[in-house]
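# Per-entry structural report
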Amino acid sequence: MHKDNQPLIFEMTKEGRIGYSLPELDVPEIDLSSHLPNGYVREESAELPEVSELDIMRHYTALSNRNHGVDTGFYPLGSCTMKYNPKINEAVARFPGFANIHPLQDESTVQGAMEIMYDLQQHLSEITGMDEVTLQPAAGAHGEWTALMMIRAFHEANGEGNRTKVLVPDSAHGTNPASATVAGFDTVTIKTNESGLVDIEDLRAKVDENTAAFMLTNPNTLGLFERDVLEISEIVHGVGGKMYYDGANLNAIMAKVRPGDMGFDAVHLNLHKTFTGPHGGGGPGSGPVGVTTELAPFLPKPILVKKDDQYTFEYDRPQSIGRVKPFYGNFGIYLRAYTYIRSMGPDGLKAVTEYAVLNANYMMRKLESYFDLPYKQHCMHEFVLSGRRQKKLGVRTLDMAKRLLDFGFHPPTIYFPLNVEEGMMIEPTETESKETLDSFIDAMIQIAKEVDENPEIVQEAPHTTVINRLDETKAARQPVLRYVKEEELVNA
Ligand SMILES: *Cc1c(COP(=O)(O)O)cnc(C)c1O
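Values in this document were obtained by computation on a predicted structure and should not be read as measured data. (Residues numbered from 1 in each chain as written. Predicted model: local features only at pLDDT ≥ 70, side-chain atom pairs only at ≥ 80, totals over all residues. Heavy atoms only, no water.)

### Some remarks on helix α11 (residues 397-406)
Operational definition: For every residue, the accessible area (1.4 Å probe, protein chains only) is compared with the maximum for its type, and the residue is labelled buried under 20%, exposed over 50%, or partly exposed between those bounds. Numbering of helices and strands runs from the N terminus, with a helix taken as a DSSP run of H or I at least four residues long and a strand as a DSSP run of E at least two residues long. Note on definitions: a residue-residue contact is assigned when non-hydrogen atoms from the two residues lie within 4.5 Å.
Among the ten residues that make up α11, eight are buried, leaving the element largely enclosed by the rest of the structure. When α11 is considered as a whole, its buried residues turn out to be T397, D399, M400, A401, K402, R403, L404 and D406. The inward-facing, buried residues of α11 contact α10 (388-392), β11 (413-414), β12 (423-426), α12 (434-453), α13 (455-459) and α14 (472-477). A positive backbone phi angle near 85° is found at G408, which sits one or two residues after α11.

This is the structure:
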């Protein structure tokens, strides 16, 4: 199936060839079968490739060259904020004073690390307009769940355990209803109106004294700013519910407007999106949560506090929902986000927002006549095109996404949000040059022309990649294929 001449690791194997050298055994050899329960010891050796160190090095280097990442090419994956991750972040995260500390060290020996965490919390509070922040959650979805557990504890503390409903717009990221369900709530879906915004009448009809919270993303997952957000929070607060802000993508509002000023009570942030932590197979995430003073007693413990110029963890928090992550959380990501925030400064973060929004609007206006644009107003950091017109000609959005690979681009997010038919959700981010944006626009326009003139080339794409189009269902159901020798194939 592979088109280049790179042999598979199993084809490189030579019996007896090894890629390591260990000193001679100077302790008695152990018979494993006497230590493991019956049936757990292999009868035959595993079928492993036998190659030299150089061969294995070349094998992995060749594989890495086939990979697509932000450092190798444009990656406009909507709602994922695949921006450039500055390399100074990596340098700071590797400082021996940070990289070599151990989470079980005494607090007195890690005051510098704790100061960075404390300062990062302060910066995130300022950016979100929230009173207190926890860094514990490991990712966005985990942050959503943490905040919802706090909201639940808050209502229960007020004798309002009847508040079992969490409202979620139909355009929301899938993690929103999932987190609400895992936190023990029933989700109620709120409709999107023809302008792509929350349908206020539907919201009014569905809020009541059983509403625990409304989870809103603003700009929403269609890339549109919810202009009625103040009215929305009045409606939700009016029945005693809490406003939850999904701040996974803060690229459209940073240093411009704050969730706290829009009436939100709780926010999560994705340090691995907006704040340049590598993500998508690139490392662990971090999903800090910010809350108002009212919700603060329920924050996960321990809380990082500063007392007489000493940083310490406070455990005496009787109303806390408890710990949600071992040790300090993903400290390496804090260092990267902290480096980013400090090196950008407030003006830099404002410029990020302005360029992210400008780049998305530039692209949207250049492409709107070639595809369908369901929502015509200005977008924020991302926009959603529809491939409805192309579908009528027999070409699906999936085909166009595959065709983009031939131009060296990672495709946008497709078929999301669900309320756009044949959707393509494009997020260019602020870190791309105008030349890169233009070359992507040219590729999209060429694909639109191919659909009119020569649809097979799109339907059968990709043509230039190492392997042809994969069977998506099989890839999901059977992600790991056993290597099959040629003789076996012949016999099959
Ligand atoms: C990415 C994203 C999330 C989930 O974040 P994870 O870190 O992947 O759990 C939630 N909401 C929105 C809008 C997102 O874009």
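### A closer look at helix α5 (residues 140-157)
Using the following cut-off: Helix span, expected: 1.5 Å multiplied by one less than the number of residues in the helix.
With 18 residues, α5 extends 26 Å from end C-alpha to end C-alpha; this agrees with the ideal 26 Å at 1.5 Å per step. Within α5, the full set of buried residues consists of G140, G143, E144, T146, A147, L148, M150, I151, A153, F154 and H155. Summarising the contacts, the buried residues of α5 are in contact with β2 (165-169), α6 (175-182), β4 (211-216), β5 (242-247), β6 (266-269) and β7 (289-291). In the stretch just after α5, G159 is the one whose phi turns positive, near 70°.

### A look at the UniProt feature "modified residue: N6-(pyridoxal phosphate)lysine" (unreviewed entry) in the protein
Rules: UniProt positions are given in the numbering used here, feature names are shortened, and annotations may be inferred rather than shown by experiment.
Feature annotation in UniProt places "modified residue: N6-(pyridoxal phosphate)lysine" (unreviewed entry) on K273, given in this structure's numbering. The residue K273 is located in the loop between β6 and β7 in this model. Owing to a relative accessible area of 10%, K273 belongs among the buried residues under this scheme. Those residues in contact with K273, other than ones at most four positions away along the chain, are S79, C80, T81, K83, A248, N249 and H279.

### Concerning the UniProt feature "domain: Glycine dehydrogenase C-terminal" (unreviewed entry) in the protein
Under the present numbering, the feature "domain: Glycine dehydrogenase C-terminal" (unreviewed entry) in UniProt falls on residues 353-454. Across residues 353-454 one finds 49% helix and 10% strand; the C-alpha atoms that close the span lie 39 Å apart.

### Topic: the site of the ligand
Defined as follows: Any residue with at least one heavy atom within 4 Å of a molecule or strand is counted as near it. Under this definition, polar contacts are N or O atom pairs within 3.5 Å; protein pairs additionally need one hydrogen-donor-capable and one acceptor-capable atom, and for neighbouring residues in sequence, both atoms have to be side-chain atoms. Under the convention used here, a 1.4 Å probe and the Shrake-Rupley method define accessible areas, while residue burial counts only the protein chains that appear.
Taken together, 13 residues lie around the ligand, and S79, A141, D246, H272 and K273 are the ones closest in. In the model, an oxygen atom of the ligand is placed 2.8 Å from a nitrogen or oxygen of the G140 main chain. Separating an oxygen atom of the ligand from a side-chain N or O atom of N249 is a distance of 3.2 Å. When the free accessible area of the ligand is taken as 380 Å², the share hidden by the protein chains comes to 87%.

### Points about the side chain of E422
The residue E422 is located in the loop between β11 and β12 in this model. Here Y415 takes part through its side chain, which lies 3.0 Å from a polar atom of the side chain of E422.

### Quick word on the domain arrangement of the protein
Note: interface size is frequently given as the accessible area lost on complex formation between the parts. Cut-off, in case you're wondering: Segmentation of the chain into domains, including their bounds, is taken from an automatic or database domain assignment. When two parts are put together, the accessible area they lose, computed with a 1.4 Å probe and summed over both, is reported as buried area. The salt bridge criterion pairs a side-chain nitrogen of Lys or Arg with a carboxyl oxygen of Asp or Glu, the two atoms within 4 Å. Note on residue classes: Ala, Val, Leu, Ile, Met, Phe, Trp, Tyr, Cys and Pro are nonpolar, Asp, Glu, Lys and Arg are charged, and everything else, Gly too, is polar.
Here the protein is described as being made up of domain 1 (1-66), domain 2 (88-343) and domain 3 (353-476). Placing a centre on the C-alpha atoms of domain 2 and another on those of domain 3 gives a separation of 31 Å. Listed by partner, the interface residues are 24 residues for domain 2 and 21 residues for domain 3. Contact with domain 3 buries surface across domain 2, with L222, N251 and A252 losing the most and accounting together for 33% of the total. Between the two partners, domain 2 and domain 3, sit one salt bridge. Along the contact surface separating domain 2 from domain 3 lie seven residue pairs in polar contact (both at pLDDT 80 or more). Among the residues making up the side of domain 2 that touches domain 3, the classes are represented as nine nonpolar, twelve polar and three charged.

### Things to note about the pairing of strand β3 (residues 186-190)
On a regular strand, each side chain points to the face opposite its neighbour's, so the side chains alternate between the two faces of the sheet. Rule in force here: Strand pairing is assigned whenever DSSP detects at least two bridges linking the two strands. A right-handed crossover is one whose linking path, passing over the helix from the first strand to the second, runs clockwise when the strands point away from the viewer.
Alignment of β2 against β3, held across five bridges, turns out to be parallel. Looking at β3, one finds that V168 is bridged to T189. In this fold, the crossover linking β2 to β3 by way of α6 has right-handed handedness.

### Observations regarding the packing of helix α4 (residues 111-128) against helix α9 (residues 331-367)
Here is the rule we go by: With axes taken as lines fitted to C-alpha atoms, and helix axes fitted only over the stretch in contact, angles between N-to-C directions fall between 0 and 180 degrees. In this scheme, roughly parallel covers angles under 35 degrees and roughly antiparallel covers those over 145, while 65 to 115 is roughly perpendicular and the rest are oblique. Whether a crossing is left-handed or right-handed is set by the direction in which the near helix is turned from the far one by less than a right angle, anticlockwise for left-handed and clockwise for right-handed.
Running from amino to carboxyl end, α4 crosses α9 at an angle of 45°, the nearest separation of the two axes being 10 Å. What the angle tells us is that α4 and α9 run oblique. α4 and α9 meet at a crossing whose hand is left-handed. Contact with α4, carried on its side by A113, I116, M117, D119, L120, H123, L124 and I127, involves F331, Y334, L335, A337, Y338, I341, R342 and L349 of α9 and no other residues of that element. Per-class residue counts for the contact of α4 with α9 are 13 nonpolar, one polar and two charged.

### Details of the environment of G78
The residue G78 is located in the loop between α1 (53-66) and α2 (87-93) in this model. Overall, the relative accessible area of 1% leaves G78 in the buried class. Not counting chain neighbours up to four residues away, the residues in contact with G78 comprise E382, T413, M425, I426 and E427.

### Notes on the packing of α5 against α6
The description of two helices packed together rests on the angle between their axes and the distance between the axes. α6 packs onto α5 with a crossing angle of 45° between their chain directions and a minimal axis gap of 9 Å. In terms of their interaxial angle, α5 and α6 are classed as oblique. Considering the relative orientation of α5 and α6, their crossing is right-handed. Packed against α5, whose contacting residues are A141, E144, W145 and L148, the element α6 presents T175, N176, S179, A180 and V182 at the interface. Looking at side-chain class alone, the contact of α5 with α6 contains five nonpolar, three polar and one charged residues.

### Regarding the sheet that holds β11
One open sheet accounts for three strands, arranged β10-β12-β11; its pairing is antiparallel. Two strands bound the open sheet, and with one partner strand each, they are β10 (383-386) and β11. Here α9 sits on the sheet and contacts β10 and β12; the angle it forms with β10, its principal contact strand, is near 15°.

### As for the sheet that holds β6
Read from one edge of the open sheet, seven strands run β1-β7-β6-β5-β4-β2-β3, paired in mixed fashion. Unpaired on one side and paired on the other, β1 (132-134) and β3 mark the two borders of the sheet. In this sheet, neighbouring strand axes are inclined to one another by 25° on average, regardless of whether the strands run parallel or antiparallel. Relative to β5, helix α8 (residues 229-238) is tilted by about 140°, and along the sheet it contacts β4 and β5.

### Quick notes on the packing of aromatic side chains
Heads up, the condition is: Between 30 and 60 degrees the pair is tilted, below 30 it is stacked and above 60 it is edge-to-face, where a pair is any two Phe, Tyr or Trp rings, Trp via its six-membered ring, whose centres lie within 6.5 Å. Only when the NZ of Lys or the CZ of Arg is both within 6 Å of the ring centre and within 35 degrees of the ring normal is a charge said to sit over the ring.
Counting across every chain of the model gives eleven aromatic pairs. Seen from their ring centres, F74 and F409 are 6.0 Å apart, and the 90° between their planes marks the pair as edge-to-face. Of the two residues, F74 is situated in the loop between α1 and α2 and F409 in the loop between α11 and β11; the sequence distance between them amounts to 335 residues. Classification of F74 as buried rests on a relative accessible area of 4%. Taking the centre distance of 6.0 Å and the plane angle of 65° together, the rings of F98 and F331 count as edge-to-face. With a gap of 233 residues between them, F98 in helix α3 (residues 96-99) and F331 in helix α9 connect regions that are remote in the sequence. Chaining the aromatic ring pairs together yields one cluster made of F95, F98, F331 and Y334. Lying over the aromatic face of F185, R152 brings its terminal NZ or CZ to 5.8 Å of the ring centre.

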